[in-house]
Amino acid sequence: MNVYRPISLPDVEEIDRPAASRTLATLIEASPLAIVTFDPEGVVTLWSPAAERIFGWSENEALGTRLPFVPAEKQEEFLALRRRALLGEVFTEPELHRRRADGSPIVVSASTSPLRRPDGTIYGILTILMDVTEHKSAGNEEVVRQLARKVREVLDPAGPRGNLQHDPR
């Protein structure tokens, strides 16, 4: 039986920037879910170890390139999702068809959020992806949403609880 337990991180106001950075780095390193950020043009700015395991591209191969896991036939769908995020929408797509580095298909659930500067302008997009190729679980999708919310709280300085700035430029 899957028991849902909320993820608990300290409030951003209660920790300093170096501690928040260490917490975020640990979260990204330890997450079994792929965590990817990209700029408004779709160029990868962060590629987690789980993204390497799930999709097969190394961090060095993915950083600085357009999202490698979006196949040509899914580019229009990706552009529509990217537009939604750049308009400020936070959303979860339970089933997206993508591809691995070896060309094999993969189905992922993706939770997506814009990344904002302190003045509210969007400088990038955060996506947390879970491989649901073999099975789908409402409990696991809720974990994706909760993890995305916590990561957004740390990364999004314009959010309701945070004032941290994370700008890869």
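Everything below is about the structure printed above this text.
Anyway, here's the lowdown on the structure attached to this text. Treat the numbers as computed from the prediction; the structure is a model and nothing was measured. (Residues numbered from 1 in each chain as written. Predicted model: local features only at pLDDT ≥ 70, side-chain atom pairs only at ≥ 80, totals over all residues. Heavy atoms only, no water.)

### Quick look at the pairing of strand β4 (residues 105-116)
Extensive coverage of β4 is indicated by the burial of 10 of its 12 residues. Here strand β3 (residues 91-99) folds back onto β4 in antiparallel fashion, the turn holding five residues, of which glycine 103 has a positive phi close to 90°. As judged from the nine bridges shared by β4 and strand β5 (residues 122-131), these two strands associate in the antiparallel manner. Residue pairing across strands places serine 111 opposite isoleucine 128, the latter belonging to β5. (Buried < 20%, exposed > 50% of the residue type's maximum accessible area, 1.4 Å probe, protein only. Helix = DSSP H or I, 4+ residues; strand = E, 2+ residues; numbered from the N terminus. Pairing = 2+ DSSP bridges.)

### Brief notes about the pattern of salt bridges
This structure, assessed with the given rule, holds four salt bridges. With a shortest N-O distance of 2.7 Å, glutamate 89 and arginine 84 are connected by a salt bridge. Among the residues examined, glutamate 89 registers a relative accessible area of 32% and is labelled partly exposed. Arginine 84 gets classed as partly exposed once you look at its relative accessible area, which sits at 26%. A salt bridge links arginine 100 to aspartate 131, with the nearest nitrogen and oxygen atoms 2.9 Å apart. (Salt bridge = Lys/Arg side-chain N within 4 Å of Asp/Glu carboxyl O.)

### Focus: helix α4 (residues 75-86)
Between its terminal C-alpha atoms α4 stretches 16 Å, which fits the 16 Å expected from 12 residues at 1.5 Å a residue. Buried within α4 we find Phe78, Leu81, Arg82 and Ala85. Along α4, the residues classed as buried sweep out an arc of 100° about the axis, all on the same side. Phi turns positive, to about 100°, at glycine 88, one or two residues after α4. (Expected span 1.5 Å × (residues − 1). Arc of directions from axis to C-beta.)

### Overview of the environment of threonine 92
When you line up the elements, threonine 92 lands in strand β3. Residues threonine 92 and threonine 112, spaced 20 residues apart in sequence, show a C-alpha to C-alpha distance of 6.1 Å. Engagement of the side chain of threonine 92 in a polar contact is seen with the side chain of serine 111, the distance being 3.5 Å. (Polar contact = N/O pair within 3.5 Å; in protein donor to acceptor, adjacent residues only side chain to side chain.)

### Thoughts on the packing of aromatic side chains
As enumerated under the stated definition, the model contains four aromatic pairs in all. Ring geometry for phenylalanine 55 against phenylalanine 69: centres 4.3 Å apart, planes inclined by 15°, an arrangement best described as stacked. One end of the pair, phenylalanine 55, is in helix α2 (residues 49-55); the other, phenylalanine 69, is in the loop between α3 (59-62) and α4, and 14 residues separate them in sequence. Residue phenylalanine 55 shares its accessibility class with phenylalanine 69, and that shared class is buried. Just above the ring of phenylalanine 91 sits the side chain of arginine 84; from NZ or CZ to the centre is 3.9 Å. (Phe/Tyr/Trp six-rings, centres within 6.5 Å; stacked < 30°, edge-to-face > 60°. Lys NZ or Arg CZ within 6 Å of the ring centre and 35° of its normal.)

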